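# Chain and residue survey
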Amino acid sequence: MDARLLGHDACLVAKFRQLYMCRGGMPQIVKVLLPLPLAGAYDYLLPDGMSVEAGQMALVPLGSRQAVGVAWGLADRSEAPPDKLKPVIGLCGADFAVMPPATMGFVDWVARYTLTPPGAVLKMVLGSLKLSQRKKGDKFNGARAYPDHCFPALNEEQGKASELLVGKVENGGYSATLLDGVTGSGKTEVFCEAVAACLRQGRQALILLPEIAMTAALLDRLAARFGAKLTEWHSELTERQRRLNWHAIARGEANLVLGARSALFLPYPDLGLIVVDEEHEAAYKQEEGVIYHGRDMAVARAHIGGIPIVLSSATPSLETLYNVRQGKYGSARMINRFGVARMPEIKLIDLRACEMGSQRFLSPPLLKALTETLEKKQQAMLFLNRRGYAPLTLCRACGHRLQCPNCTSWLIEHKAIGKLRCHHCDYVTKIPQACPSCKAEGKFAACGPGIERIAEELRAVLPAARFSIMASDTLSGPQAAQELVRQMAEHELDLLIGTQIMAKGYHFPALTLVGVIDADLGLGGGDPRATERTFQLLQQMAGRSGRAEEAGRVLLQTTAPEHPVMQALVKGDRDAFMQAELQERAAWRLPPVCKLASLTVSGAHAPEVIALANELAAKAPQLADVSILGPAPAPFAMLRGRYRHRLMIQAPRSVNLPNLVRDWVAQVKVPHALRLHVDIDPYGFL
């Protein structure tokens, strides 16, 4: 994120503190922003005697229909003559909240930074027009959270961190602080003290989570701390509940909000604190529509609103650690687990030295550890970040691989439902009887393991074990995740087998063993963040073990025990690993040392895509220290039936990258059949 662009937030906020009125028969022109992907606000006449407050919602004509927009400012003059302008039809009454100045400033800032039409960002604020309309009988049943309902006992480390964060809230003004604590150190209790300080001021607090599945687990915990149910915001809410919660937030009736990244865009009238939990998570990145990173936009929102923000993680992102080093963020660090719990011992299992059958994926040392753990009536987790039964199905007769017809990816076998599925476009088909290429029957073979295959092997070797699978496609929502959490907490299950969703901050006191089936899985593929992400994910998984009295252990199956990620995990030396990673990023001119943007051209016909990509390359900026990479096929050269070519731009941190890219793409006319996908600060590279 370009921190230099945050310098004008006070002007942004002041810009919207206005009241417009038609006086003395002189027509006033009001700019109304509509929640549509339009280039900007439209000009309308303000009828005689009508006054409108900046941020007030107005009903205006739009072509042959009417639309609800937001009064965005007063125009000194319009490009269209006054007799061509249409008047505002009316103003929305008490059922609509006036949009706070900080929210309006945030909309403008996000639109400018992400190169998105401001109306598209406004749509995220409004949710939808249906959402904004209160219905008869609507009543918000939530209760206000109480800051001092419960006073948890904090240890010395927690107390110092809490004192720092509470001080930031009480002193007011913008600040960004990293809450950097090992897994099980009690970060939630610490940032809750900052939340309580915010609530004591009578202001609103927002806690952001990267995954919906985490919501239910944290809701109960926070409800116990604050003595009231929190207000939720995520895609699993019903339309009615979203409408009720939106109005409660907009009217200030909801003072504590827990939500996914989209909750950041709600129109809080008096937001006093933002907490970004698990700030390192890639799930904060929005890849469709308005393309943004929730963590970075949360920092921008805090800066524009002049409020504190807390970024919490056991494995902070390199970007955040870099900002701490540069003095832009403060830091509170906790290196010990709470109470008697100790950090688990991490050991490597070199698969090259293990005698295993070709269709076996649980090594003898891991099986032995599982057996011992279950005999002690303790619990375990088996982690493999791969859904389904097998990642590849091929014909043994001719070598043909079953591939998605819409994407450059193999079809994943889901044996439990007897289907092949693409996890990128959701294409689903049955496993064919005969090979589409050579017509041979009965020759298909499943290659490699997914979590379903690990479960099948576990049933064969430990038939008495009670276990369940935990993955995004096996859970129907937060409540399903909460049910699995309950079963583990009440020891109705001996172990969980699952993907990265298991690493999301869950606390199981009886869990003492974590086994990682393929610790090397995330290290390939050419992603510049691959090593950082793998380290974070494995460290988070390791953190599920030994969180109570019993000591924990973690076994990582690997074919590369000498890899820096594996060595850093075993030695527990995160700082040295991150320093080495930062040096490598600097050598390759990659974030956070430099800035990066990607331009992806997509379309149904490859020649058209290539032609536009080449035209962009020909008109690329020619500046010192700015590099253009490509055009070249994206790693997924076809996705959802569209061909894709990509260009990347590298620039020093001193360059205003959004402006540079905006000027670049303005030189090229994009045909209607093609799309140009611009991503400032890309997080994924597929």
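Below: a short report on this structure. Because the structure is a prediction, the values reported are computed rather than measured.

The next subject is the overall build of the chain. What the chain contains, in helices and strands, is 18 helices and 31 strands. Taking 26 Å as the expected radius of gyration for a compact globule of 686 residues, we find that the chain reaches 27 Å, a close match to that expectation. Its C-alpha atoms put the chain at 90 × 65 × 55 Å along the principal axes. Here the chain holds 686 residues, and the buried ones make up 54% of them. Put simply, 76% of the contacts in the chain that link residues at least 6 apart link residues at least 24 apart. For the chain, the accessible surface area stands at approximately 29100 Å², while carbon and sulfur atoms represent 52% of it.

Taken as a whole and assessed by the stated rule, the structure comprises four aromatic pairs. Pairing F535 with F577 gives two aromatic rings, centres 4.7 Å apart and planes at 25°, and the pair type is stacked. Highlighted residues: F535 in helix α14 (residues 530–542) and F577 in helix α16 (residues 574–587), separated in sequence by 42 residues. Of the two residues, F535 and F577, neither departs from the other in class, the shared state being buried. One aromatic cluster is present, built from ring pairs that chain together F106, F265 and Y292. Here R225 stacks its cationic end above the ring of F226, 4.7 Å away from the centre of that ring. The ring centre of W233 lies 4.4 Å from the NZ or CZ of R242, which sits over that ring.

Here the focus is the environment of L674. With respect to the helices and strands, L674 occurs in the loop between α18 (657–665) and β31 (675–680). Spatially, the C-alpha atom of L674 lies 40 Å from that of M578, the residues being 96 residues apart in sequence. Sequence-distant contacts of L674, defined by excluding residues within four places in its chain, comprise S602, G603, E608, V609, L612 and R642.

Moving on to helix α10 (residues 318–325). Burial within α10 is extensive, with six of its eight residues counted as buried. Among the residues of α10, L318, E319, T320, L321, Y322 and N323 are the ones counted as buried. Those residues of α10 hidden inside the fold are in contact with β8 (175–181), α9 (294–305), β15 (308–313), α14 and α16. Just downstream of α10, G327 is the residue with a positive phi angle, here 85°.

Under the definition given, this model contains 28 salt bridges. Residue K285 is joined to D679 by a salt bridge in which the shortest nitrogen-to-oxygen separation is 2.9 Å. Here K285 is found in strand β13 (residues 285–286), whereas its partner D679 is found in strand β31, with 394 residues between them in sequence. Of the charged contacts in the structure, one is a salt bridge between E532 and R585, with a shortest N-O distance of 2.6 Å. One end of the pair, E532, is in helix α14; the other, R585, is in helix α16, and 53 residues separate them in sequence. Residue class for E532 comes out buried when judged on its relative accessible area of 1%.

Summarising the element assignment, T114 is placed in helix α2 (residues 101–114). A polar atom in the side chain of T114 sits 2.7 Å from the backbone oxygen of V110. Excluding its chain neighbours within four sequence positions, the residues that come into contact with T114 are V290, I291 and Y292.

Time to look at the pairing of strand β3 (residues 42–46). Taking burial as the measure, the five residues of β3 include four buried ones, the bulk of the element. The sheet contact formed by strand β2 (residues 28–33) and β3 spans five bridges and is antiparallel. Directly across from V32, in β3, lies its bridge partner Y42.

Turning our attention to the nonpolar core. L264, I274, I309 and V661 are the most contacted members of the largest nonpolar core, which totals 72 residues. If one sorts the elements of this core by residue count, α2 sits on top with seven residues. Leaving out residues up to four positions away in the same chain, I309 has contacts with Y174, S175, A176, T177, I274, V276, A298, V299 and A302. Ranked by size, the runner-up nonpolar core spans 40 residues in total, among them L318, V485, V565 and A568.

So, on to the environment of V655. When you line up the elements, V655 lands in the loop between β30 (642–651) and α18. Relative accessible area serves as the criterion here: at 19%, V655 is assigned to the buried category. For V655 and M57, which are 598 residues apart along the polypeptide, the C-alpha to C-alpha distance reads 37 Å.

Moving on, we get to the sheet that holds strand β22 (residues 428–430). Taken together, the three strands give an open sheet; going across it, the order is β20-β21-β22, and neighbouring strands pair in antiparallel fashion. Where the open sheet ends on each side, the last strands, each with one partner, are β20 (412–414) and β22. Each neighbouring strand pair of the sheet contributes to a mean axis angle of 35°, computed without reference to strand direction. By the bridge criterion, three bridges tie strand β21 (residues 419–421) to β22 in an arrangement that is antiparallel. Considered in β22, the bridge of R421 is made with V428.

Attention shifts here to the packing of α10 against α16. Where α10 meets α16, the axes come as close as 11 Å, and the angle between the chain directions of the two elements is 95°. In terms of their interaxial angle, α10 and α16 are classed as roughly perpendicular. Only R574, M578, Q579, E581, L582 and R585 of α16 make contact with α10, whose side of the interface consists of L318, E319, L321, Y322 and R325. Per-class residue counts for the contact of α10 with α16 are five nonpolar, one polar and five charged.

With that out of the way, let us pick up the side chain of E532. Reaching out from E532, the side chain makes a polar contact with the backbone nitrogen of L318 at a distance of 2.8 Å. Excluding anything up to four places from it in sequence, E532 contacts P316, S317, L318, E319, F577, M578, E581 and R585.

The end-to-end C-alpha distance of helix α8 (residues 239–250), which contains 12 residues, comes to 16 Å, matching closely the 16 Å that a straight helix rising 1.5 Å per residue would cover. Of all the residues in α8, the buried ones are R243, L244, N245, W246, H247, A248, I249 and A250. The positive-phi residue at the C-terminal boundary of α8 is G252, with phi of around 80°.

Let's shift gears to the environment of D473. Structurally, D473 is set in the loop between β24 (467–470) and α13 (478–489). Taking relative accessible area as the criterion, D473 reaches 32% and is therefore assigned partly exposed.

So, about the pairing of strand β19 (residues 392–395). The side-chain alternation of β19 yields two buried faces, one formed by L392 and L394 and the other by T393 and C395. Pairing of β19 with strand β23 (residues 444–447) involves four bridges; the strand directions are antiparallel. Bridge pairing links T393 to A446 in β23.

Calculation notes
- Residues numbered from 1 in each chain as written.
- Predicted model: local features only at pLDDT ≥ 70, side-chain atom pairs only at ≥ 80, totals over all residues.
- Heavy atoms only, no water.
- Helix = DSSP H or I, 4+ residues; strand = E, 2+ residues; numbered from the N terminus.
- Rg over C-alpha atoms; globule rule 2.2 N^0.38 Å.
- Buried < 20%, exposed > 50% of the residue type's maximum accessible area, 1.4 Å probe, protein only.
- Contact = heavy atoms within 4.5 Å.
- Areas by Shrake-Rupley, 256 points an atom, 1.4 Å probe, with all protein chains shown as cover.
- Phe/Tyr/Trp six-rings, centres within 6.5 Å; stacked < 30°, edge-to-face > 60°.
- Lys NZ or Arg CZ within 6 Å of the ring centre and 35° of its normal.
- Salt bridge = Lys/Arg side-chain N within 4 Å of Asp/Glu carboxyl O.
- Polar contact = N/O pair within 3.5 Å; in protein donor to acceptor, adjacent residues only side chain to side chain.
- Pairing = 2+ DSSP bridges.
- Core = buried A, V, L, I, M, F, W, Y, C linked by side-chain atoms within 4.5 Å.
- Axes fitted to C-alpha atoms, helices over the stretch in contact; angles between N-to-C directions.
- Parallel < 35°, antiparallel > 145°, perpendicular 65-115°, else oblique.
- Nonpolar A, V, L, I, M, F, W, Y, C, P; charged D, E, K, R; others polar.
- Expected span 1.5 Å × (residues − 1).

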